[in-house]
Amino acid sequence: MSKSYTPGLKILENASIKKKRILPLAGELHVEKDDLVKSNQIVASAKIPGNVQMINISNELNIDPNQLVDCMLCKVDQEVKKGEVIARSKGLFGFFRSEVKSPMDGILINMSDITGQIIISEKPIPIEVDAYIDGKVQEIYKKEGVLISAYGVLIQGIIGVGGEKKGKLKIIENISDLDKIDSNSDIVAVIKSFLDYELYKKINKLGLKGIICGGIDYESLTKILGYPLGVAITGSEDVTTVVVTEGFGNISMSDRTFQLLEKYKNSYCSINGATQIRAGVMRPEVIINLDFNEKNINDNKDESLILVGSKVRIIRDPFFGLIGNVSALPPELVKMKTETMVRAAEVTLEDGTKKIIPRANLEVILSD
Amino acid sequence: MNKNLKDIKVILATDCGSTTTKAILIEFINNEYRLTFRGEAPTTVEAPFEDVTCGVINAIIELEELSGRKILIDDRIISPRNGNTGVDLYISTSSAGGGLQMMVGGVVKNMTGESAQRAALGAGSIVMDIIASNDGRKYHEKVQKIRQLRPDMILLSGGVDGGTKSHVVELAEVIKTANPNPRLGNNFKIPIIYAGNKDAINDIDKRLGDTTDLKIVDNIRPTLDKENLKPSRDKIHDLFMEHVMAQAPGYNKLLTWTDHPIIPTPGAVGEIIKKIAENENISVVGVDIGGATTDVFSVFNKKFNRTVSANYGMSYSICNVLAETGIENISRWVSSEIDEKDLTNRIANKMIRPTTIPQTLEELIIEQSIAREALRLSFIQHKEFAVSLKGVQQERTISDTFDQTMSGETLVNMNELNMIVGSGGVLSHAPRREQAYRMLVDAFLPEGITQIAVDSIFMMPQLGVLSEVHEKAAVEVFNKDCLVRLGTCIAPIGTGNIDDDILEFSFEIKDKEIKGVLKFGEILLVEADYTQVKTKLIMKNNYTINGLNKFEGKIFGGEVGIMLDGRGRSFDFSVYNKDSVKNWSIQTNEYPLK
């Protein structure tokens, strides 16, 4: 039988979590295999090449490019200081010599006898990668990074903005709850319903670490970002991190997700708004570390298959957001109101009514 | 491929798209190749599966169920065929995982830079950026851009043979300084194709030979008036296979299954469009509207051009279409009033759940309205790019005094256009062919007399690659099962007032004469099968058709028929309202009546 895979989102209390912590370019690792690490611990670091500046020595000294090497006073890979004379022309009988001084501190990385130019690079910029979650170093990727394995709650959202943050989960039932929170607290606010721009502004002003909410208007997201989101590739925005669990519109968080977050309120969590729907799907996430318990681990990849009995969420109008169980998978194609013939599923909603929905419009809820 | 073409009777072809993997089965029946079955499944190049072959297998399983032919055993394709088991040939195209993403470089942005862009686009790539000596950016900005974009490969051109070397060498130095990591796989050197001034080869090698995987091909612009794209395109294809595909999840496995190298989807569609133009000796505009990108192809005066609008698509990039065109331009195509906030949320939900399909008529109408805008915007980009070579000194004689064509002018001449061919899910899978017809006419606004056709079930990519392996099979399936001739659109040039007479028409269809008058502001549809229809058009009120005030000749009908578009060229939407949109829809039998 053919299988229908759906873009299922994980809502797991007992998940085996693996996180690759990879440097953007080769660098140094600071942990070893099997080390236990804390979420804030630096596991790898590297130096990104600094900004470069090109100087046309040939023009400055009024020489041919092929005379460049003879006029240079320093060599490739040599450190230079701002104001240091780095090139000097031979002049006429030793007189009328011209000089070029380095405009910055850096390293001479290239001289070209074709273009007559040199390139000075600023000192490399150090970057560090932390463990993001508490866990164990399961694998080492030489000079590249590590794989951290952990155990705990894993909730995937559908869209987010902003990068990795860590903080304590706090349920916000009324806007007035925010008045009781100190500014710049390490807190991730959980809002069961819908995040509007006014509420976001208040949380942002308060300096909280992040927001987990059910829905958001596209218009509000545009205001948060300062521009309309064209493709769902996010994570580098300089905003309060937001994880949206259901989608765009006035939608509340599913009960299952909210109950799980409520159960672990006041727990320390790691969140990431980074979303990449194309080329290596990445969904925003909330991770809460728990003690390791192998017996309960739920890590079944095949659960994203739609089967009779699967718990699903309808992800397109006219029943957008409703949750139910697949009660039948008719093999024949079904004609929709649009006149399109589609593979469909019969879904029994929570109120007992049955609906015929295109399989493409269902999302399996991966929960345990 | 070491197979005897005569022995190939059953062909399996897949296209791994960014959203969906499509599989088709072609069989040799009654002395001809025909499409027999089609299956599809979500593409699985991404997490949690991260193996493109899962989606391929699922699409094939659907084919097996529909055809009764056993194709797989232990997740392997059975080949050769034995009775009702296995296939003789398996081929595939791919745009999954972001397709092929390149940067190109040229000394002068709108000369060698554009030639390099044309070569990359023609090979099926998305061009992320063009770096050029005159692009206005500072040295360090270019370096930063290369580091940030992490292309799959870079095509570097610049300088005519024997010309100055210093600018192209400087670009090589920019690349060397950036020392970019390829997008996929940190552990191999980035491929650089050098297609510039041959005198600079040693200098380029000295700068990039050690740190990159440098390949040298013939100059893309050996002289100012000559463009030599083929060597670069071929090398891009080779490197796409060796580097990009080999790094993408599951492709190593898929490569061992296919009997012919996997080629990027847009490259394959381009091959088909070129063949249509060549075989019928006509000018063609083709479009493939996907989830992430929209590719437009054109052949005018035997000159092929392809553009990729990387930001316009029907799922992943749907919000870019919204951002670019604005909500008003989308809602103008919908005859009912829609709440703007609700509409933007619906569009945004499609972006984050790209595989969903419209279940209600209203949703379908909205999706097709967005498609019109995505197609329209992509065609504008294409017209701006498909131009004659820039920088060419033109010799003029006295007879050219009134012919003010310049180098760099668009090659897309709507009056000379003979056919528009549409492909892609939203066009091929539109429940009514009338909808695809309308989307193409509304977006491309053909002028004069233009045939409109659509890819029946979205299989042009597979046929494109098949045409490289087994041309006979590809041509037979293309003509009989793929290309659906929808009809001919007649769009007179001129504008006027609502209800003014535009033309009197008369068609001889099945020995009956159908006569009438087309008025300004309306669209009429005349049913006529795909046969030649004797046609007479007498223009009124200074309207013209092909520059004349009357037309007598034969045009083709099609599955939908002859569409008389009286909305004026140029088309000014501000003249119309929601009732006009509703009437156009009713006149063309576009949607089921509520």
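Residues numbered from 1 in each chain as written. Chains lettered and ligands numbered in written order. Predicted model: local features only at pLDDT ≥ 70, side-chain atom pairs only at ≥ 80, totals over all residues.

Chemist: Go over the overall build of chain A with me, naming the residues and quoting the values.
Modeler: Within chain A, the regular secondary structure consists of five helices and 27 strands. Compactness check: chain A gives a C-alpha radius of gyration of 28 Å against a globular reference of 21 Å for 368 residues, more than 25% above the reference. The principal-axis extent of the C-alpha atoms belonging to chain A is close to 100 × 50 × 45 Å. The buried share among the 368 residues of chain A stands at 42%. Long-range contacts, defined here as pairs at least 24 residues apart, represent 64% of the contacts in chain A between residues at least 6 apart. (Helix = DSSP H or I, 4+ residues; strand = E, 2+ residues; numbered from the N terminus. Rg over C-alpha atoms; globule rule 2.2 N^0.38 Å. Buried ≥ 20, exposed ≤ 12 C-beta atoms within 10 Å, placed from the backbone. Contact = placed C-beta atoms within 7 Å.)

Chemist: Now, about the sheet that holds strand S7 (residues 100-106) of chain B: what can you tell me, with residues and values included?
Modeler: All names here are of chain B. Pairing is parallel across the open sheet formed by five strands, whose spatial order is S8-S7-S9-S10-S11. Every other strand in the sheet has two partners, leaving strand S8 (125-132) and strand S11 (213-216) as the edge strands with one partner each. Strand after strand, the sheet turns through a mean of 20° between neighbouring axes, direction not considered. Sheet topology note: the strand S9 (residues 153-156)/strand S10 (residues 191-194) ladder contains three bridges and is parallel. What sits directly across from Ile154, in S10, is Ile192. Sheet strands touched by helix H2 (residues 109-122): S7, S8 and S9. Its angle to S7, the strand with the most contacts, is close to 155°. Docked against the sheet, helix H4 (residues 166-178) engages S7, S8, S9 and S10, running at close to 165° with respect to S9. (Pairing = 2+ DSSP bridges. Axes fitted to C-alpha atoms, helices over the stretch in contact; angles between N-to-C directions.)

Chemist: I'd like to hear about helix H4 (residues 218-225) of chain A, residue by residue, with values.
Modeler: Three or more residues of H4(A) are buried, namely Tyr218(A), Ser220(A), Leu221(A) and Ile224(A). Down the axis of H4(A), the smallest arc covering the buried residues is 155°, so these residues share one side. Summarising the contacts, the buried residues of H4(A) are in contact with strand S14 (159-161), strand S16 (187-195), helix H3 (197-206), strand S17 (210-216) and strand S18 (241-248) of chain A together with helix H11 (340-352) of chain B. After H4(A) finishes, the residue Gly226(A) shows a positive phi value of roughly 90°. (Arc of directions from axis to C-beta.)

Chemist: Describe the nonpolar core, naming the residues involved and giving the relevant values.
Modeler: Residues and elements named next belong to chain B. In this structure, Ile11, Met102, Ala120, Leu155, Ile175 and Ile192 are the most contacted members of the largest nonpolar core, which totals 269 residues. When residues of this core are assigned to their parent elements, the largest contribution, ten residues, is made by helix H12 (residues 361-385). Ignoring any residue separated from it by four or fewer positions in sequence, one finds Ala120 in contact with Met102, Val104, Ser125, Val127, Leu155 and Ile236. (Core = buried A, V, L, I, M, F, W, Y, C linked by C-beta atoms within 7 Å.)

Chemist: Could you give an account of the packing of H4(B) against helix H5 (residues 201-208) of chain B, with specific residues and numbers?
Modeler: All names here are of chain B. At their nearest, the axes of H4 and H5 sit 9 Å apart, and the two run at 10° to each other. Considering their axes alone, H4 and H5 lie roughly parallel with respect to each other. Contacts between H4 and H5 involve Val169, Ala172, Glu173, Ile175 and Lys176 on the former and, on the latter, Asp203, Ile204, Arg207 and Leu208. A breakdown of the residues in the contact of H4 with H5 according to their chemical character gives five nonpolar, no polar and four charged. (Parallel < 35°, antiparallel > 145°, perpendicular 65-115°, else oblique. Nonpolar A, V, L, I, M, F, W, Y, C, P; charged D, E, K, R; others polar.)

Chemist: Hey, could you go over the domain arrangement of chain A for me, with residue numbers and the actual values?
Modeler: You can read the domains of chain A as domain 1 (9-17 + 150-295), domain 2 (52-121) and domain 3 (300-367). For domain 1 of chain A and domain 2 of chain A, the distance between their C-alpha centres works out to 53 Å. (Domains from an automatic or database assignment.)

Chemist: Mind laying out the domain arrangement of chain B, listing which residues take part and the relevant values?
Modeler: Residue and element names in this part refer to chain B. Considered domain by domain, chain B is made up of domain 1 (5-96), domain 2 (99-251) and domain 3 (280-311 + 414-587). Centre-to-centre, using C-alpha coordinates, domain 1 lies 32 Å away from domain 3. If you look at the interface, domain 1 gives 21 residues, while domain 3 gives 18 residues. Secondary structure elements with two or more residues in the side of domain 1 that touches domain 3: strand S1 (10-16), strand S2 (20-29), strand S3 (32-42) and strand S6 (89-94). It is S3 that contributes the most residues to the side of domain 1 that touches domain 3, five residues altogether. Considering only residue class, the side of domain 1 that touches domain 3 consists of ten nonpolar, six polar and five charged.

Chemist: Give a description of the pairing of strand S19 (residues 268-272) of chain A that names residues and reports values.
Modeler: Residues and elements named next belong to chain A. With respect to burial, S19 is a largely interior element, four of its five residues being buried. Taken together, the five bridges between strand S15 (residues 164-171) and S19 define a ladder with antiparallel strand orientation. Each residue of the ladder has a partner; that of Gly167, found in S19, is Cys269. Here four bridges tie S19 to strand S20 (residues 285-289), and the two strands are oriented antiparallel to one another. Of the residues in S20, the one forming a bridge with Asn272 is Glu285.

Chemist: Explain helix H1 (residues 52-67) of chain B to me, using residue names and the numbers behind them.
Modeler: Residue and element names in this part refer to chain B. With 16 residues, H1 should cover 22 Å at 1.5 Å per step; its first-to-last C-alpha distance of 23 Å lies within 8% of that length. Among all positions in H1, only Val52, Thr53, Cys54, Gly55, Val56, Ile57, Asn58, Ala59, Ile60, Glu62 and Leu63 are buried. Buried residues along H1 sit in contact with S1, S2, S3, strand S4 (72-73) and helix H7 (251-257). Immediately beyond the C-terminal end of H1, within one or two residues, lies Gly68, with a positive phi of roughly 80°. (Expected span 1.5 Å × (residues − 1).)

Chemist: Report on the packing of helix H9 (residues 318-325) of chain B against H11(B), specifying residues and quantitative values.
Modeler: Residues and elements named next belong to chain B. Interaxial distance between H9 and H11 falls to 8 Å at its minimum, and their mutual angle equals 145°. Every residue of H11 that contacts H9 at Ile318, Cys319 and Leu322 is listed here: Thr344, Ile347, Ala348, Lys350 and Met351. By residue class, the composition of the contact of H9 with H11 is six nonpolar, one polar and one charged.

Chemist: Tell me about the environment of Ile114(A), residues and numbers included.
Modeler: Residue placement: Ile114(A) occurs in the loop between strand S9 (106-111) and strand S10 (117-121). In contact with Ile114(A), not counting residues within four places along its chain, are Pro65(A), Lys165(B), Ser166(B), Val169(B) and Asp203(B).

Chemist: Got a sec to walk through the sheet that holds strand S23 (residues 550-556) of chain B? Specific residues and values, please.
Modeler: Residue and element names in this part refer to chain B. Taken in spatial order, the four strands make up an open sheet running S20-S19-S22-S23, and their pairing is antiparallel. A strand with exactly one partner marks an edge of an open sheet, and here the two such strands are strand S20 (512-519) and S23. With strand direction ignored, the average angle separating the axes of adjacent strands in the sheet is 20°. Pairing analysis gives six bridges linking strand S19 (residues 501-509) to strand S22 (residues 532-539), with the strands arranged antiparallel. For Leu503, the partnering residue across the bridge sits in S22 and is Met539.

Chemist: Account for the environment of Lys180(A), naming residues and giving values.
Modeler: Residue and element names in this part refer to chain A. Mapped onto the secondary structure, Lys180 falls in the loop between S15 and S16. Look at Lys180 and you get exposed, because 7 C-beta atoms sit within 10 Å. Separated by 38 residues in the primary sequence, Lys180 and Lys142 have C-alpha atoms spaced 47 Å apart.

Chemist: How would you sum up the interface of chain B and chain A? Please name residues and give values.
Modeler: Contact with chain B, which involves 55 residues of that partner, is made by 50 residues of chain A. Of all the elements in the fold, those that place two or more residues in the side of chain B that touches chain A are S3, H1, helix H3 (139-149), H4, H9, H11 and H12 of chain B. If you tally residues by element for the side of chain B that touches chain A, the top one is H11(B), at eight residues. For the side of chain B that touches chain A, the class distribution of residues is 22 nonpolar, 20 polar and 13 charged.

Chemist: Give a detailed account of unusual backbone geometry, specifying residues and quantitative values.
Modeler: Following Asp317(A), the chain continues into Pro318(A) via a peptide bond in cis, with omega recorded as 10°. For Pro318(A), the location among the structural elements is in the loop between strand S21 (311-314) and strand S22 (323-328). Geometrically, the link from Arg569(B) to Ser570(B) is a cis peptide bond, its omega value of 10° lying close to zero. Position of Ser570(B) among the secondary structure elements: in the loop between strand S24 (562-565) and helix H17 (578-587).

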